[in-house]
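Residue-level listing of the chains:
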Amino acid sequence: RTDVAKVRYNENPYKIAYSGMLDYRQNVGLFVNAMPLIRNKSPTSEFYLSNKGDEKDKIKKLVNKQKIPANFTWFESDVEYYNFIKTCDVGILTSSNDLPRQLGIPSKLFSYMAAGIPVVANEIGGWTDIIKENKIGLVSNGDPYDFADKTIELLTNPKTIERMGRNAVEIIKNKFNWKKSAELYMDIYEH
């Protein structure tokens, strides 16, 4: 998607979204354990998590244990999902740290980028280097306290959110899109 016309930053309440499946490889517990820490420094922040996946019930119990209100959502159409994600301020991208997750780039990274929102992820190498190298978000060491600090760092710096959001949109338009990928593969194939 490259239809983001401008990157915007919401005033309070800030919307923080995890939009992937709730399954064991996603390490969503890291985000849920960081939520009270984020809420402590940003009391009006709103948390959104997807409402689908094998660990949905487990994650909902963990959220309830944290006593932090969270919105569980799921959009059947790409248009509805994309219209929602464009209204968010920070995209959450947690992951387990194993070889398949290091090698496979999560599609939600590109959704966040196209929506012009910065990402907070935990360090796993591989695709998390894209976040750091292109300055499209922040990468934590995988500790809930550090994850919360990185999220708060974004929420308290509107200019950083806007700059990283613009970076993300430019990269999705000029580097990570189907046309550029096809050109790269054709070049490799022809040579």
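Residues numbered from 1 in each chain as written. Predicted model: local features only at pLDDT ≥ 70, side-chain atom pairs only at ≥ 80, totals over all residues. Heavy atoms only, no water.

1. Thoughts on the overall build of the protein chain
And step 1. Check the secondary structure of the protein chain and you find 9 helices and 6 strands.
And step 2. Split into buried and exposed, the 191 residues of the protein chain put 46% on the buried side.
And step 3. Relative to all contacts within the protein chain whose residues are 6 or more apart in sequence, the contacts with residues 24 or more apart total 71%.
And step 4. Here the protein chain displays about 10,000 Å² of accessible surface, and carbon together with sulfur accounts for 51% of that area. (Helix = DSSP H or I, 4+ residues; strand = E, 2+ residues; numbered from the N terminus. Buried < 20%, exposed > 50% of the residue type's maximum accessible area, 1.4 Å probe, protein only. Contact = heavy atoms within 4.5 Å. Areas by Shrake-Rupley, 256 points an atom, 1.4 Å probe, with all protein chains shown as cover.)

2. Focus: the side chain of asparagine 134
And step 1. Examined against the element boundaries, asparagine 134 turns out to sit in the loop between α6 (128-133) and β6 (137-140).
And step 2. Residue class for asparagine 134 comes out buried when judged on its relative accessible area of 17%.
And step 3. Here the side chain of asparagine 134 touches isoleucine 130 through a polar contact of 2.9 Å, landing on its backbone oxygen.
And step 4. Other than its neighbours up to four places away in sequence, asparagine 134 contacts Asn167, Ile171 and Lys175. (Polar contact = N/O pair within 3.5 Å; in protein donor to acceptor, adjacent residues only side chain to side chain.)

3. With respect to the packing of helix α5 (residues 107-115) against helix α8 (residues 158-174)
The description of two helices packed together rests on the angle between their axes and the distance between the axes.
And step 1. Close contact between α5 and α8 brings their axes to 7 Å; oriented N to C, the two are set at 115°. As judged from the angle between their axes, α5 and α8 are roughly perpendicular. Once α5 is placed against α8, the crossing between them reads as left-handed. Counted together, Phe110, Met113 and Ala114 of α5 and Ala168, Val169, Ile171 and Ile172 of α8 form the full contact between these two elements.
And step 2. A class-by-class count of the residues in the contact of α5 with α8 yields 7 nonpolar, no polar and no charged. (Axes fitted to C-alpha atoms, helices over the stretch in contact; angles between N-to-C directions. Parallel < 35°, antiparallel > 145°, perpendicular 65-115°, else oblique. Left-handed = near helix turned anticlockwise from the far one by under 90°. Nonpolar A, V, L, I, M, F, W, Y, C, P; charged D, E, K, R; others polar.)

4. A few points about the packing of aromatic side chains
And step 1. The full count for this structure, using the stated rule, is 3 aromatic pairs.
And step 2. Of note, lysine 60 hangs over the ring of phenylalanine 72, and the distance from its end group to the ring centre comes to 5.1 Å. (Phe/Tyr/Trp six-rings, centres within 6.5 Å; stacked < 30°, edge-to-face > 60°. Lys NZ or Arg CZ within 6 Å of the ring centre and 35° of its normal.)

5. What to know about the environment of leucine 22
And step 1. Note that leucine 22 resides in the loop between β1 (15-18) and α1 (28-41).
And step 2. When the C-alpha positions of leucine 22 and lysine 60 are compared, they lie 9.9 Å apart, and in sequence the two are 38 residues distant.

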